[in-house]
Amino acid sequence: MRFAIAVLPGDGIGPEVTQEAVRALERVGQRYGHTFDLSYAPVGGNAIDRYGTALPEETLQIARGADAVLFGAVGGPKWDDPKATVRPEDGILGLRRGLGLYANLRPVKIHPNLMYASPIKPQVLANVDLVVVRELTGGIYFGRPKRRWSTSRGRRGVDTMKYTEQEVRRILRVGFELARRRRKHLTSVDKANVLETSRLWREVAVEVAQEYPDVTLEHLLVDTAAMQLVRSPSRFDVIVTENLFGDILTDEAAVLAGSMGMLPSASLAGLPVGGKAGRRPKGLYEPIHGSAPDIVGQGKANPVAAILSAAFLLRYSLGLEQEAQAVEQAVDATLVQGHRTPDIAEEGRPVLSTREMGAAIIERIQ
Ligand code: IPM
Ligand code: MG
């Protein structure tokens, strides 16, 4: 089969890890007889430097026209001035919004050979297998008004957390659908003791639960959820939450896996329906880590999250389940055989560069 893939490497280590993900796709193409037509496009800080905007219109068009988008990372100190009117992050936010990618899936599984890499005790990490479903196109990230201004009594700033019941319902449905296919336990995370948007969220969650009598719904306040994530993470199956809470909780959850460099994500315009004739939503696939300016160009970045994101791309947007598993098994075998980038290496043990780790994984794609 033939597929159009938009490749948006971005800034910092984005290009380094994305290159390995692209190599993994190419290997899959050779092994399984698919052609991936890759269209590279600028996004983030480098796009600001060249075009004055983090998301050039052409990049958005390329992303829209593709079967799926493979994304690296954006941002860096060069573009961090709080007074700047354009920001690299507008690139990814604009893509999420522009492509209607409201459902962000961030699964957290701990590789048994990597327990030492996490600051959390191994007995706490045992049996952790959870997925965070983060609402991605609403809430305080996008609500208006959003601005800063000066008054005679000093400076002011405002952000707006806003949700419609339709936005809440569709993301809750994604959470319930996923839970139904897993261990049938859904934790809805909010701050209903303080926030109106959260009280709306909770009300809608209870309504949607009627459609899923086979799934157990629990509500947790976000502060409690943050605590439970490090105290007893194995209690979670599927967590569904709004945009900002999901952003924060998934960085925390990444610590369980030992490194931000391990976790992939999928941002979808709906949940895929399985099977050959199944619906394949538009999707953007990116590691959950950022551009890591401190290690850029040093070959230290871990390409695993990017490569696993490519596996998600194969599964969710292209419907290539077998190929997705081949990539995941290659990552698994590489880790089992002890290959490590610096972020996940044990003290004093040999480490591989980004390129070497990528090559080790790619040669294991069967
Ligand atoms: C993430 C990132 C982004 C977010 C940034 C880069 C805008 O932290 O994907 O988690 O806040 O969503
Ligand atoms: Mg984040």
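Structure: see above.
Below you will find a few notes about this structure. Predicted model, so just to flag it, every value in this text is computed and none were measured. (Residues numbered from 1 in each chain as written. Chains lettered and ligands numbered in written order. Predicted model: local features only at pLDDT ≥ 70, side-chain atom pairs only at ≥ 80, totals over all residues. Heavy atoms only, no water.)

This part takes up the packing of helix α1 (residues 14–32) against helix α10 (residues 304–317). Relative to each other, α1 and α10 sit at 45°, their axes nearing to 8 Å. It follows from the interaxial angle that α1 and α10 lie oblique. For α1 against α10, the interelement crossing comes out right-handed. In contact with Val17, Thr18, Glu20, Ala21, Ala24, Leu25 and Val28 of α1, α10 contributes Ala306, Ile307, Ala310 and Leu314. Split by residue class, the contact of α1 with α10 holds nine nonpolar, one polar and one charged. (Axes fitted to C-alpha atoms, helices over the stretch in contact; angles between N-to-C directions. Helix = DSSP H or I, 4+ residues; strand = E, 2+ residues; numbered from the N terminus. Parallel < 35°, antiparallel > 145°, perpendicular 65-115°, else oblique. Left-handed = near helix turned anticlockwise from the far one by under 90°. Contact = heavy atoms within 4.5 Å. Nonpolar A, V, L, I, M, F, W, Y, C, P; charged D, E, K, R; others polar.)

Now for the pairing of strand β12 (residues 283–287). Of all five residues in β12, five are buried; the element is thus mostly enclosed. What you see with β12 is no split at all: Gly283, Tyr285 and Pro287 on one side and Leu284 and Glu286 on the other are buried throughout. Looking at chain direction, strand β3 (residues 68–73) and β12 are connected through two bridges and run parallel. When the bridges of β12 are listed, Leu70 appears paired with Tyr285. As judged from the five bridges shared by strand β11 (residues 264–268) and β12, these two strands associate in the antiparallel manner. Residue pairing in the sheet places Ser265 in a bridge with Glu286 of β12. (Buried < 20%, exposed > 50% of the residue type's maximum accessible area, 1.4 Å probe, protein only. Pairing = 2+ DSSP bridges.)

In this structure, Ile5, Leu70, Leu105, Leu172, Leu256, Tyr285 and Leu314 are the most contacted members of the largest nonpolar core, which totals 89 residues. Sort the elements by how many residues they give to this core and α10 lands first, with ten residues. Inspection of this core shows a minimum of three residues originating in each of domain 1 (1–106 + 262–366) and domain 2 (119–257). Discounting chain neighbours no more than four positions away, the residues touching Leu172 are Leu186, Trp201, Ala205, Val208 and Val240. (Core = buried A, V, L, I, M, F, W, Y, C linked by side-chain atoms within 4.5 Å. Domains from an automatic or database assignment.)

A volume near 780 Å³ is recorded for the second largest pocket. Lining the second largest pocket we find 29 residues, and of these Arg87, Glu89, Asp90, Leu93 and Tyr141 sit closest to its centre. Mapped by element, the contributors of at least two residues to the lining of the second largest pocket are β3, α4 (89–98), β6 (143–151), β7 (154–160), α9 (243–256) and β12. The dominant element in the lining of the second largest pocket, judged by the number of residues it contributes, is α4, at five residues. No fewer than three residues from each of domain 1 (1–106 + 262–366) and domain 2 (119–257) sit in the lining of the second largest pocket. (1 Å grid on protein atoms, 1.4 Å probe; cavity = no way out; pocket = protein on both sides within 12 Å on 5 of 7 lines; lining within 4 Å. Points joined across faces, edges and corners; volume = space filled by probe spheres on them.)

Further remarks concern the sheet that holds strand β5 (residues 129–135). Strands belonging to one sheet form pairs held by backbone hydrogen bonds; the direction of such a pair is parallel or antiparallel. An order of β2-β1-β3-β12-β11-β4-β5-β10-β8-β9 is seen for the ten strands of this open sheet, with the pairing classed as mixed. Each edge of the open sheet is held by one strand with a lone partner, namely β2 (35–40) and β9 (216–221). The mean inter-strand angle of the sheet, taken between neighbouring strand axes irrespective of direction, is 25°. Two elements, strand β4 (residues 103–109) and β11, share three bridges in a ladder whose sense is antiparallel. When the sheet's bridge partners are listed, Asn104 is paired in β11 with Ser267. Strands in contact with α1 are β1 (2–10), β2 and β3; relative to β3, the strand with the most contacts, it is inclined by about 145°. Against the sheet, α9 contacts β4, β5, β8 (185–190) and β10 (238–241), and its axis sits at roughly 155° relative to β5.

Around ligand 1, the neighbouring residues are Glu89, Arg96, Arg106, Arg134, Tyr141 and Asp247. Arg106 places a side-chain nitrogen or oxygen 2.8 Å from an oxygen atom of ligand 1. Contacts to ligand 1 include Asp247, whose side-chain N or O atom sits 2.9 Å from an oxygen atom. Isolated, ligand 1 exposes 320 Å² of accessible area, and the fraction of that covered by the protein chains is 76%. (Near = heavy atom within 4 Å. Polar contact = N/O pair within 3.5 Å; in protein donor to acceptor, adjacent residues only side chain to side chain. Areas by Shrake-Rupley, 256 points an atom, 1.4 Å probe, with all protein chains shown as cover.)

None of this, on its own, says anything about what the molecule does.
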